Amino acid sequence: MTGLKVYNKVCLNCNRTIQSVYTTESSSATEAHEFVDGKCTKCGYVNTCTHAKKSTWEKYDECVYSDDGDQGHKVTTHVLTGYTCLDCGESVILSRSDETVIIEAHNYL
């Protein structure tokens, strides 16, 4: 069948495939700006926002996953802390931890 596409239902973290879905539908998506020092690295847009309204976050960086079977997986990573401006959407990294290992359950789509 021409135009057949396969979408895999996978764990968001370790990419373990749970289910494959076959479809002929197509889709598209837009991407957010990726700012470095106030300038988007993708399109060059310059952000002039003062970031008065912030939402703090914690994320993993440079993740290496190892499957621990049905119970979950181990993540070797660096933890980033920062904030996202609620007005313009720019995210700012404030700190990066030393390498750490985290045990997580699988997160299925």
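Residues numbered from 1 in each chain as written. Predicted model: local features only at pLDDT ≥ 70, side-chain atom pairs only at ≥ 80, totals over all residues. Heavy atoms only, no water.

Colleague: Would you explain the overall build of the chain in this entry?
Modeller: From N to C terminus, the chain includes 0 helices and 8 strands. Each helix and strand of the chain, placed in order from N terminus to C terminus, yields the pattern β-β-β-β-β-β-β-β. Each of the 109 residues in the chain was classed as buried or not, and the buried ones make up 23%. For the chain, the share of sequence-separated contacts (at least 6 apart) that also reach a separation of at least 24 residues comes to 44%. Accessible area for the chain stands at about 8,000 Å²; split by element, carbon and sulfur atoms hold 48% of it. (Helix = DSSP H or I, 4+ residues; strand = E, 2+ residues; numbered from the N terminus. Buried < 20%, exposed > 50% of the residue type's maximum accessible area, 1.4 Å probe, protein only. Contact = heavy atoms within 4.5 Å. Areas by Shrake-Rupley, 256 points an atom, 1.4 Å probe, with all protein chains shown as cover.)

Colleague: Please explain the side chain of Thr-84 as it appears in this structure.
Modeller: Relative to the elements of secondary structure, Thr-84 occurs in strand S6 (residues 73-85). Of note is the side chain of Thr-84, whose polar atom sits 3.0 Å from the side chain of Trp-57. Within the structure, the side chain of Thr-84 is placed 2.8 Å from the side chain of Ser-91, a separation counted as a polar contact. With near-sequence residues (within four places) excluded, Thr-84 lies in contact with Lys-53, Lys-54, Ser-55, Trp-57, Gly-89, Glu-90 and Ser-91. (Polar contact = N/O pair within 3.5 Å; in protein donor to acceptor, adjacent residues only side chain to side chain.)

Colleague: Just checking my understanding: could you explain the environment of Glu-104 for this structure?
Modeller: Among the structural elements, Glu-104 can be located in strand S8 (residues 100-104). Exposure remark for Glu-104: the relative accessible area of 17% places this residue in the buried category. When the C-alpha atoms of Glu-104 and Asp-68 are compared, they prove to be 9.3 Å apart, with 36 residues separating the residues in sequence.

Colleague: How should a nonpolar patch on the surface be read in this particular structure?
Modeller: Taken together, Leu-4, Val-6 and Tyr-22 make up a surface patch of nonpolar side chains, about 310 Å² in accessible area. Within the secondary structure layout, Leu-4 lies in the segment before strand S1 (5-10). Using a relative accessible area of 44% as the deciding quantity, one classes Leu-4 as partly exposed. (Patch = residues over 30% accessible without salt bridge, like charges linked within 9 Å, V, L, I, M, F, W, Y side chains within 5 Å. Salt bridge = Lys/Arg side-chain N within 4 Å of Asp/Glu carboxyl O.)

Colleague: How do you make sense of the pairing of strand S7 (residues 91-96) when you look at a structure like this?
Modeller: Remark: a regular strand shows side chains that alternate across the two faces of the sheet. In this sheet, S7 lies alongside S6 in antiparallel orientation, the contact comprising 5 bridges. Residue pairing for S7: Thr-81 is matched across the bridge by Ser-95. In this antiparallel pair of consecutive strands, S6 and S7, the connection spans 5 residues, and Gly-89 shows a positive phi of 90 degrees. (Pairing = 2+ DSSP bridges.)

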